[in-house]
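Chain by chain, the residues run as shown.
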Amino acid sequence: MKKMTLVNLESLLSKAKEEKYAVGAFNATDLNTARGIIAAAQQENSPVILQFAESHSKYISLEQAANMYLNLAEHTKVPVCIHLDHGESFNTIVRAIKLGFTSVMVDASLNPFSENIQRTKEVVKIAKALDISVEAELGIMNAEDGSGSLDYNMMDDTYTSVQEAEKFVSETKVDALAIAFGTVHGLYKKEPNLNFNRIKEIQDCTEVPLVMHGGSGLSSEEYQNSIANGITKINYYSTMSYEVTNGLRDYLNNNDNAFLFDVDTKTIELVKNNIAKKMEIFGSSGKA
Ligand SMILES: [Zn+2]
């Protein structure tokens, strides 16, 4: 018997918003990482979002990722949302929906405001008919691959505007909104300077679940303050990827006789431990 507990983003985040915690959204470009993420969710009895970023297509195709994610979701008891992260083209978004993703992100934030609304509305119309959730983004963050270099002193200009957020949410009816309030994608090169008040202002006037992108490398206090002000989904990947790689390097330096399956097993364990700690900080442990 299948124990599929595939859910959409809206159902995960409405509970998180009510109970004031955040659900972690984790990228996986290979089976071992995905298994580690699911193992953490099971150990912590936590809901989880497995997500595929369109920019990771150079490492694994959308189709391969979908098969892998769906298979894992079928064999676990915790609620799993399968989400397309940073869907850039309409084509990819529709392919993800067809493959069984339960949530998609429209990333049109680099377009002018009215075009962002237009492109998001197109996706919402299709997705809602199929009970699939939609996340959109407003405001400017660093490049998705972490390569950009926004000037931290100028970041205030790039934060999501409260007025725009209100208009955007009421016109598009998205289920979740990614906002810019000082986080950056990739690893931080300087101390982040987060504007928690901006999260609260946007939350108060939109009431939509808010998403933190660039959730790597923050302190526990920064995560928890963000959640207290309205963040309910945290995208966390770069730090995990970096720390697990370092852990594997140590392991290989100390185990001359390791075989590839030992590396697989070690990867799963390192990912699981890394993610489980984050679930505790985000408050999603025990919320499955
Ligand atoms: Zn992002």
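Within any chain, residue numbers begin from 1 and follow the written order of that chain's sequence. Owing to the predicted nature of the model, reporting of local features is limited to residues with pLDDT of at least 70; listing and counting of side-chain atom pairs is limited to 80 or more, with chain, interface and lining totals taken over all residues. Values shown for side chains rest on all heavy atoms present in the structure; no hydrogens or waters enter the calculation.

Draft legend 1. Inspection of the packing of helix α5 (residues 113-129) against helix α6 (residues 162-172) at higher detail. Relative to each other, α5 and α6 sit at 30°, their axes nearing to 9 Å. The angle between the axes of α5 and α6 places the two elements in the roughly parallel class. Here α5 runs over α6; the crossing is right-handed. Judged by residue contacts, Phe113, Asn116, Ile117, Thr120, Lys121 and Val124 of α5 engage Glu164, Lys167, Phe168, Glu171 and Thr172 from α6. The residue makeup of the contact of α5 with α6, split by class, is four nonpolar, three polar and four charged. Every angle, taken between N-to-C directions, lies between 0 and 180 degrees, and every axis is a line fitted to C-alpha atoms, over only the stretch in contact when it is a helix. A run of H or I in DSSP counts as a helix once it spans at least four residues, and a run of E counts as a strand once it spans at least two, with each numbered from the N terminus. An angle below 35 degrees is read as roughly parallel, one above 145 as roughly antiparallel, one from 65 to 115 as roughly perpendicular, and any other as oblique. Two helices that cross are described as forming a left-handed crossing if the nearer one is turned anticlockwise from the farther one by less than a right angle, and a right-handed crossing if clockwise. The contact rule is simple, with two residues in contact once any of their heavy atoms fall within 4.5 Å. In this classification, Asp, Glu, Lys and Arg are treated as charged, Ala, Val, Leu, Ile, Met, Phe, Trp, Tyr, Cys and Pro as nonpolar, and every other residue, Gly included, as polar.

Draft legend 2. Just the coordination of the zinc ion, in detail. Atoms are scored as donors when they are N, O or S and lie within 2.8 Å of the metal, with 3.2 Å used for Na, K and Ca; no water is included, so coordination may look incomplete. Each protein donor to the zinc ion is listed here as His86 (NE2), His185 (NE2) and His213 (ND1); together their distances run 2.0 to 2.1 Å. Taken in chain order, the donor set of the zinc ion reads H-x98-H-x27-H. Taken as a pair, His86 in strand β3 (residues 80-87) and His213 in the loop between β7 (210-212) and α8 (220-229) lie far apart in primary sequence, 127 residues in all. The pair His86 / His213 is uniform in exposure class, with both members buried. Buried means the residue's accessible area, taken with a 1.4 Å probe over protein chains only, is under 20% of the maximum for its type, while exposed means over 50%, and partly exposed covers the values in between.

Draft legend 3. Layout of the sheet that holds strand β2 (residues 48-53). As summarised here, the arrangement of the eight strands in space is β1-β2-β3-β4-β5-β6-β7-β8, forming a closed barrel in which the pairing is parallel. For this sheet the average axis-to-axis angle between neighbouring strands, irrespective of direction, equals 25°. In the sheet, β3 pairs with strand β4 (residues 103-106) via three bridges, with the strands oriented parallel. Counterpart to Leu84 in the pairing with β4 is Val104. Against the sheet, α6 contacts β5 (133-138) and β6 (176-179), and its axis sits at roughly 155° relative to β5. Strand pairing is assigned whenever DSSP identifies at least 2 bridges connecting the two strands.

Draft legend 4. Fine view of α8. Among the residues of α8, those classed as buried are Glu222, Tyr223, Ser226, Ile227 and Asn229. The buried residues of α8 occupy one face: seen down the axis, they fall within an arc of 165°. Buried-residue contacts for α8 involve α7 (196-206), β7, β8 (231-235) and α10 (260-282). A positive phi of about 135° marks Gly230, the residue just after α8. Of all possible arcs, the one meant is that of the directions from the helix axis to the C-beta atoms.

Draft legend 5. Spatial organisation of the packing of α6 against α7. Viewed as axis vectors pointing N to C, α6 and α7 meet at an angle of 35°, and their least axial separation amounts to 9 Å. Relative to α7, the crossing made by α6 is right-handed. Touching Val162, Ala165, Glu166 and Val169 of α6 are Arg198, Glu201, Ile202, Cys205 and Thr206, all from α7. Among the residues making up the contact of α6 with α7, the classes are represented as five nonpolar, one polar and three charged.

Draft legend 6. Representation of unusual backbone geometry in the model. You will see that Lys20, though not glycine, has its phi angle at about 60°, which is positive. In this fold, Lys20 is placed in the loop between α1 (9-19) and β1 (23-27). Judged by relative accessible area, which is 56%, Lys20 ranks as exposed. Positive phi, close to 60°, is recorded for Lys173, a residue that is not glycine. Tracing the chain through its elements places Lys173 in the loop between α6 and β6. Overall, the relative accessible area of 52% leaves Lys173 in the exposed class.

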